Amino acid sequence: MPHWTDLVAEKKQRQLKSIPQEWLVTPPPDSTLDVTGFPETNGLLNAREVEITNTSVESLLEKLASAEWTAVDVTTAFSKRAVVAHQLVNCLTEIFIDRALARAAELDDYLKKTGKVVGPLHGLPISLKDQLCIKGLETTMGYVSWIGQYADKNAVLVDVLIECGAVPFVRTNIPQTLMFPESFNNVFGRTTNPYNRSLTSGGSSGGEGALIALKGSPLGVGSDIGGSVRIPTAFCGLYGLRPSYGRVPYCGARNSLEGQDSVLSVFGPMTNSVGGVKVFMKAVVNAKPWLKDPLAVRKKWDEDEYNLADHGSGKDLCFAIMWDDGVVVPHPPIRRSLEITKAALQKAGHKGFPLLIGNPSSTEYLKLDDVDAAVAYFRPRKGGKTAYQLWQVQKLRQDIRKEYLDHWEATASETGTGRPVDAIICPAAPFAATPHGKNRYTNYTTVWNALDYPAAIFPVTTVDSTLDGKEPRHDFYDDFDKHIYEMYDPEKFKNAPICLQLVGRTLEEEAVIKMTEIVDVALAAAK
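Below: a short report on this structure. (Residues numbered from 1 in each chain as written. Predicted model: local features only at pLDDT ≥ 70, side-chain atom pairs only at ≥ 80, totals over all residues. Heavy atoms only, no water.)

## Here we look at the pairing of strand β13 (residues 423-427)
In terms of residue burial, β13 counts as a mostly covered element, since 5 of its 5 residues are buried. Sheet analysis places strand β11 (residues 318-321) next to β13, joined by 3 bridges and oriented parallel. Paired with Phe319 across the bridge in β13 is Ala423. (Buried < 20%, exposed > 50% of the residue type's maximum accessible area, 1.4 Å probe, protein only. Helix = DSSP H or I, 4+ residues; strand = E, 2+ residues; numbered from the N terminus. Pairing = 2+ DSSP bridges.)

Take a look at the structure:
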């Protein structure tokens, strides 16, 4: 039997051969930390390809539908930029450009013959996290032992996207098992952050985050069980969404935790514009995924919800702002981003007031055991739990969801709008993208998974060593809070994007997207 290192070497060689050799470039030295400008200056992409890859999802779809740009040209442009991105930050796993171009040519032919698009995503290249099975391709998910295991059918979401007219063209890197907020495994190695390669791109959808930040894909799919869409989206300065359970089909995808349903993993979009989030969600839910996945929720896109019928039609919105979670105080750039966002919303005529946190019982649910969070937060617990103990944990989760619902409803007496708080705005993490191996706290995202609240990510600013100096602190929640404080150095986090999270109520994806658009407009107007 071959040694595992031989299996990896052979897999990496096959990956290299899947790249057109004329697309290989000489990347900048490792000492060049910010590589976001490289894809447009290295000479591989021509001017039109640069224009295509800088175009938003909404505009791409318009140009594809009108035949101003062909699907082949768009797929070629993004494929070239994706390959360049991979050589900079190691973000890809499976590269199947020939298959994608054949699909794109079919779409162009269909449009030419019929004058109609195949579906709402006609001709749009889409990247996929390395757990979404595609017939005929390996899905290793970072496990050496899964090398050579080829899928015999597509995951349901892949079929839905293809039916909508999308063009899958690459899959992206993850941590082995998925259950880690960075992206490193023994098959493909580590993915780095294109804004600062000494920092992580996040995880577990970190390959998607890095690829889309370099505009090597207009729209990607990540998964999220504790923040795995939102953390890399935030660390890479993007827009993304963690939908509620069942809103996006999951059937047929690989996972390390199949059968675990205490907290379910969900798929969600990652992209460079909030409009891209809307495009993805509207296309997928209108494709009736519940006819292909028995766990998909039977709910089409609701335009009334998107128009905020339950939220005063979007006028005089009231946001609860979580400055910290009562466990870990965020670093100065995160605090500044919250202040920027609050001021922008107030200028736009909306309200923001502090979110009062009671006993953080959600953290009790999430920890399950007493462990040293700074040392072993993501390691498996020893000994496991009995079935009865698991039932008690699940009952606790149920009780917590009721506790949070009542607390949310009770805010109606404080908002001045006659409604409860419309949404929560909070950090996605207590820090920007961390140095590799240092991302050790995820409760700013994980709590919303336990509650099944949809949550969107939106960009605000970047770390500025002048504005974000280290502030002295003398009071800490505990030693772990102090540990997170001590890791901050504005020079180490230099140039890292800062994003925040907008959280709504269960199955309220349309409203969350619309409110994120409103926040995005307010931030742009305030600059």
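Resuming the write-up.
## Describing the nonpolar core
Counting residues in hydrophobic clusters, the biggest one holds 130 residues, and the most contacted among them are Leu121, Leu161 and Trp448. Broken down by element, this core gets its largest block of residues, 10 residues, from helix α5 (residues 71-89). Excluding residues that lie within four positions of it along the chain, Leu161 makes contacts with Leu121, Ile126, Leu128, Ala166, Val221, Phe280 and Val284. Core analysis: the second largest hydrophobic core is formed by 6 residues, Ala213, Val229, Cys236 and Leu238 among them. (Core = buried A, V, L, I, M, F, W, Y, C linked by side-chain atoms within 4.5 Å. Contact = heavy atoms within 4.5 Å.)

## Digging into the layout of surface pockets
Rolled over the atoms, a probe with the dimensions of a water molecule shows which regions are left empty. In this structure, the second largest pocket spans a volume of roughly 430 Å³. Along the walls of the second largest pocket sit 22 residues, with Tyr250, Gln260, Leu264, Ser265 and Leu295 positioned nearest its centre. A class-by-class count of the residues in the lining of the second largest pocket yields 13 nonpolar, 6 polar and 3 charged. (1 Å grid on protein atoms, 1.4 Å probe; cavity = no way out; pocket = protein on both sides within 12 Å on 5 of 7 lines; lining within 4 Å. Points joined across faces, edges and corners; volume = space filled by probe spheres on them. Nonpolar A, V, L, I, M, F, W, Y, C, P; charged D, E, K, R; others polar.)

## With respect to the pattern of salt bridges
Enumeration over the complete set of coordinates arrives at 27 salt bridges. Here Glu10 ties to Arg14 by a salt bridge, and the two come within 2.7 Å at their closest N and O atoms. Residue Glu10 and its partner Arg14 are located together in helix α1 (residues 4-17), separated by 4 residues, close to a single helical turn. Via salt bridges that share partners, Glu10, Lys11, Arg14, Glu94 and Glu138 belong to a single interconnected network. (Salt bridge = Lys/Arg side-chain N within 4 Å of Asp/Glu carboxyl O.)

## Here's the deal with the packing of aromatic side chains
The full count for this structure, using the stated rule, is 10 aromatic pairs. Judged by centre distance (4.5 Å) and plane angle (45°), the rings of Tyr143 and Trp146 are tilted. By relative accessible area, which is 17% here, Tyr143 ends up buried. A ring pair is formed by Phe476 and Tyr485, whose centres lie 5.4 Å apart and whose planes are at 55°; its orientation type is tilted. Look at Phe476 and you get partly exposed, because its relative accessible area is 26%. For Tyr485, a relative accessible area of 17% puts it in the buried group. Site record: aromatic cluster; members linked through ring pairs are Trp408, Trp448 and Tyr453. Sitting over the ring of Trp69, Lys63 keeps its end group 5.0 Å from the ring centre. (Phe/Tyr/Trp six-rings, centres within 6.5 Å; stacked < 30°, edge-to-face > 60°. Lys NZ or Arg CZ within 6 Å of the ring centre and 35° of its normal.)

Function cannot be inferred from these measures alone, as they are strictly geometric.
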